[in-house]
Amino acid sequence: MVQNLSVPILVVEDNRTQGEYLRYVLEKEGYPVTIATNGKEALISMSKSRPYLILTDVMMPEMDGYELCSAIKNDPATSDIPVILVTHLFNPVDVIKGLEAGADNFIIKPYTPEVIHTRIASILQAINKPDPNDRPTPLNVIFSDRSYTITATRLQIINILLSTYEVAIKNNSDLQVAQEKLHYLNDQMQKTLEELQKSNHDLSVENHERRMVETALGNANKKLQLMASITRHDLLNQLNSLQGYLELATMDRKENPDLAWSYIDKAVGILGQTVNTVKFTKEYQEIGIKTPIWQNCKNLVSKSLKHTSLHHVHLENQIPEDLEIYADPLIEKVFSNLIENAVRYGGKISKICIRFERENGTNRIICEDDGSGIESDEKKKIFQYQYGKNTGQGLFLSREILSITGIMIEETGVFNEGARFEIICPDGTIRFSDKDI
């Protein structure tokens, strides 16, 4: 590297770190460097040793860079020394104030070694090849309601304007890069937000289903307690009656055999009731044992036919293909019970229709027929335990199975026009495929 020992440079910078950094950059290029911490100190240093070039900060105590530049340019002994202003500031007033002070160029912070090298090279080239026709001409400029007098050569003006234009281009380029990064980060943030929203949704769904499972388990526990209470009461009554009839039959078997046999017939009937109670206990204890799951409604209706026979009755399964219900796995028996009751007790029945309906925000699965229907005073009784024309436990079990996940059932048909059972599904228990209704 060619040493620039003949080009001493004065650096005027009140920030020690910035001053030492400029010294490092310049000395690396071979320039001898002197540092002053403010304008007054710089003038004293110049009186002792004349620099070839001055790099001065603008914002300094005692005497700022504009004042120092004006002092240098207004002194005939130093007016020919090039001054480069180093500043963070960058707006039209700064440029005009620099020209008014007589600055030869600008270096805008933050800067790179390449920028410093370019500015100094430009100044040195102008010194080595001066234009004899380029004389300073006073020029009055009014900007922002203030008048400025600029005394600068054309080369000074062009160099400063080119410097500011170069900085503007660089700032614009940096801004474009920053915008691209911002767009990229915004896209990444949007993706992260979408993933977070999906995670929150999944968590919400999981928590909702967990609460439904907890509710179902609580309901199942209540069912077991009810079952224990019902079956214990019924079995004790039936066994007491059975024991009583057998004792009566034993007492009358010799003196009145016919009466004894009538007691035995009654005992056999009670024994049948006891067997039915035990069977019911087995069915009832299965409710709530398994975790509720999502099941396809149309398939449930189709599979329920394996538990019953339609005989001459036509079944219309109008449930949508992708409709699912969140219920106890035993829900298949609900549909088989509804179909079986319609066929067995519907009288003139010829058709059963099962369909889905959403009205006024309420989701219903409707099972209706054209049979004899149910009388008004029996509509609520049919869901009670041990009510009915035969076993009387199918609809009771159906109601219990549905209630595991909060689903209700009611009969709303018109007597002599047909039965109509409505399975009312709260939000969160019915959906189309994987999309909640």
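Residues numbered from 1 in each chain as written. Predicted model: local features only at pLDDT ≥ 70, side-chain atom pairs only at ≥ 80, totals over all residues. Heavy atoms only, no water.

1. Overview of the sheet that holds strand β5 (residues 105–108)
With parallel pairing, 5 strands are arranged side by side in an open sheet as β2-β1-β3-β4-β5. Each end of this open sheet is capped by a strand with a single partner; those strands are β2 (33–36) and β5. Averaged over all neighbouring strand pairs, the angle between strand axes comes to 20°, with direction disregarded. Examined bridge by bridge, strand β1 (residues 9–12) and strand β3 (residues 53–57) share 4 bridges and lie parallel to one another. The residue bridging leucine 10 from the neighbouring strand is isoleucine 54, located in β3. Helix-sheet contacts for helix α3 (residues 65–74) involve β1, β3 and β4 (83–87), and the interaxial angle to β4 is about 175°. (Pairing = 2+ DSSP bridges. Helix = DSSP H or I, 4+ residues; strand = E, 2+ residues; numbered from the N terminus. Axes fitted to C-alpha atoms, helices over the stretch in contact; angles between N-to-C directions. Contact = heavy atoms within 4.5 Å.)

2. Thoughts on the sheet that holds strand β13 (residues 408–411)
The mixed open sheet is built from 5 strands, whose spatial order is β9-β11-β12-β14-β13. Of all strands in the sheet, those with a lone pairing partner are β9 (314–317) and β13, marking the two edges. Neighbour-to-neighbour, the strand axes of this sheet turn through a mean angle of 20°, independent of strand direction. Summarising the sheet, β9 and strand β11 (residues 351–359) pair through 4 bridges and their orientation is parallel.

3. Focus on the pairing of β4
When you tally the buried positions in β4, you get 5 out of 5 residues, the bulk of the element. Judged by which residues are buried, β4 turns out to be covered on both faces: Val83, Leu85 and Thr87 on one side and Ile84 and Val86 on the other are all buried. Looking at chain direction, β3 and β4 are connected through 4 bridges and run parallel. If you follow threonine 56 over to β4, its bridge partner there is leucine 85. The parallel pair β3 and β4 is bridged by α3, and the resulting crossover is right-handed. When β4 meets β5, the two strands line up parallel, connected through 4 bridges. Bridged to isoleucine 84 within β5 is asparagine 105. (Buried < 20%, exposed > 50% of the residue type's maximum accessible area, 1.4 Å probe, protein only. Right-handed = clockwise from strand over helix to strand, strands pointing away.)

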